[in-house]
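# Chains, contacts and geometry: an overview
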Amino acid sequence: MSLRSDDQELEQQVTLVELLDRLLDKGVVLTGDVTLSVADIDLIYVGLRLLVSSVEAVQRSRLDNSKAVER
Amino acid sequence: MIYVYALAELPPPDVSGILGIGDRPIDFLTSNQAVAIYSESQAERISPTAENLWRHESVVESLLKRCPALLPLRFGEVLSVVSLREILSRHGGTVAASLERVRDSVELGVRILSPLKSDMKVAQESSKTAEAGAFSSGREYMCARLASEQKMRDSYYYFECLGKIIHSALAPLAQDSTRRLHDSANSNRGVLVTSAYLVRRGQIDEFVARVRELSTENPDVKLICTGPWPTYNFVPVLNLKEPTHG
């Protein structure tokens, strides 16, 4: 089942945000350092806009096997 | 120094063919109750570049395929071998219990977004009230503004209720879940709810099918389901402070 292009782009963006949220704010912490997140995902998203752009540019082909589940 | 990717159960998994950050080979360190998978690190801090982030995730996902139970680490955990051994020794029981909890399970993410159409409608109404010149008096302006804000609050309450309904439908299909509500007035892109569900591998299809059904049943919101992820949201919180001796 193919998705409309805007739906696909939205799902790709959400997938990237989901990935960054998990890598930078979740997972086992061993070192006890201050986490990179401050409040909630919105802050992370806004703070990482540039990084998201670079990640998206580099990994667009990887997202062909996207982790986003079709609606 | 070593960069740690994940904790797993004994016996150690096959890590052949997996390369870590900086293309360094993957190795493991065992305690009496768990295995820590790592690669050597020259630096004490690893920058969250796109390449490093993707490599971390790539390693963890490769391990997820090889390990029935896996606890992923947050990005950037660099420490000494001595420190790691001490942590595993001190928290071995907690780690073992957490591995048991996530065995044969993965994480599925569900986000509920408000539809763009509603966002634009609210924004348009809000902008109208801001045009003071459109009103004949200050009282009229304030009444219109209050009405607009009330609509926004009512809309938020409606979406909050929808979020609860959707969660109540999905939670029975998962072993555990986390859920965070967002203030739609301040959130970027209308994200209403961010959730994570711990789901048995054998129930992934059933869970995803239910998300599709809920998406059809609730056209006022947009549901996006991602995964399967390693279980980042279902890991133990380790008290890393040294115990004090009175």
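Rules behind the numbers
All residue numbers refer to positions counted from 1 along the written sequence of the respective chain. By the order in which they are written, chains take letters starting at A while ligands take numbers starting at 1. Residue-level local features of this predicted model are given only where pLDDT is at least 70; pairs of side-chain atoms are given and counted only at 80 or more, and the full residue set underlies all totals for whole chains, interfaces and linings. Computation of side-chain values covers all heavy atoms of the structure but excludes hydrogens and water. In this description a helix means any DSSP run of H or I spanning at least four residues, a strand means any run of E spanning at least two, and both kinds are numbered starting from the N terminus. The classification of residues rests on relative accessible area computed with a 1.4 Å probe and restricted to protein chains. Under 20% of the type maximum is buried, over 50% is exposed, and intermediate values are partly exposed. Salt bridge, as applied in this entry: a Lys or Arg side-chain nitrogen positioned within 4 Å of an Asp or Glu carboxyl oxygen. Definition used in this section: a nonpolar core is a set of buried Ala, Val, Leu, Ile, Met, Phe, Trp, Tyr and Cys residues joined via side-chain atoms within 4.5 Å. Any two residues whose heavy atoms approach within 4.5 Å at even a single point are treated as in contact. Between rings of Phe, Tyr and Trp, where Trp is taken as its six-membered ring, a pair exists when centres lie within 6.5 Å; planes separated by under 30 degrees are stacked, by over 60 edge-to-face, and by other angles tilted.

What follows is about the overall build of chain A. Looking only at helices and strands, one finds three helices and zero strands in chain A. Counting helices and strands in the order they occur from the N terminus, chain A gives α-α-α. Evaluated residue by residue, chain A yields a buried proportion of 51% over its 71 residues.

The tally for this structure, following the rule as stated, stands at 13 salt bridges over all chains. When the shortest N-O distance is used, the salt bridge between E107(B) and R22(A) registers 2.7 Å. Residue E107(B) is found in strand β6 (residues 105-113), and its partner R22(A) is found in helix α1 (residues 5-25); the two belong to separate chains. Like E107(B), the residue R22(A) is buried in the burial classification. Each of E18(A), R22(A), E107(B) and R111(B) takes part in one network of salt bridges that share partners.

All names here are of chain B. In this structure, Y5, L63, L70, F75, L170, F207 and V221 are the most contacted members of the largest nonpolar core, which totals 51 residues. Those residues in contact with L170, other than ones at most four positions away along the chain, are V110, Y197, F207, R210, V211 and L214. The next biggest cluster of nonpolar side chains, apart from the first, holds 24 residues, and it includes L29, V95, L99 and A196.

Let us look at the packing of aromatic side chains. Residues and elements named next belong to chain B. Counted according to the given criterion, the structure contains four aromatic pairs over all chains. Both rings, one in Y158 and one in F159, keep their centres 5.4 Å apart while their planes meet at 55°; by these two values the pair is tilted. Residue classification places Y158 among the partly exposed positions, given a relative accessible area of 39%. For F159, a relative accessible area of 7% translates into the label buried. Centroid distance Y197 to F207: 5.2 Å. Interplanar angle 55°. Geometry classified as tilted. On the criterion of sequence distance, the pair formed by Y197 in strand β8 (residues 191-200) and F207 in helix α6 (residues 204-217) is long-range, its members being 10 residues apart. Take Y197 and F207: they sit in the same class, and that class is buried.

Without other data, these values stay purely geometric and don't point to any function.
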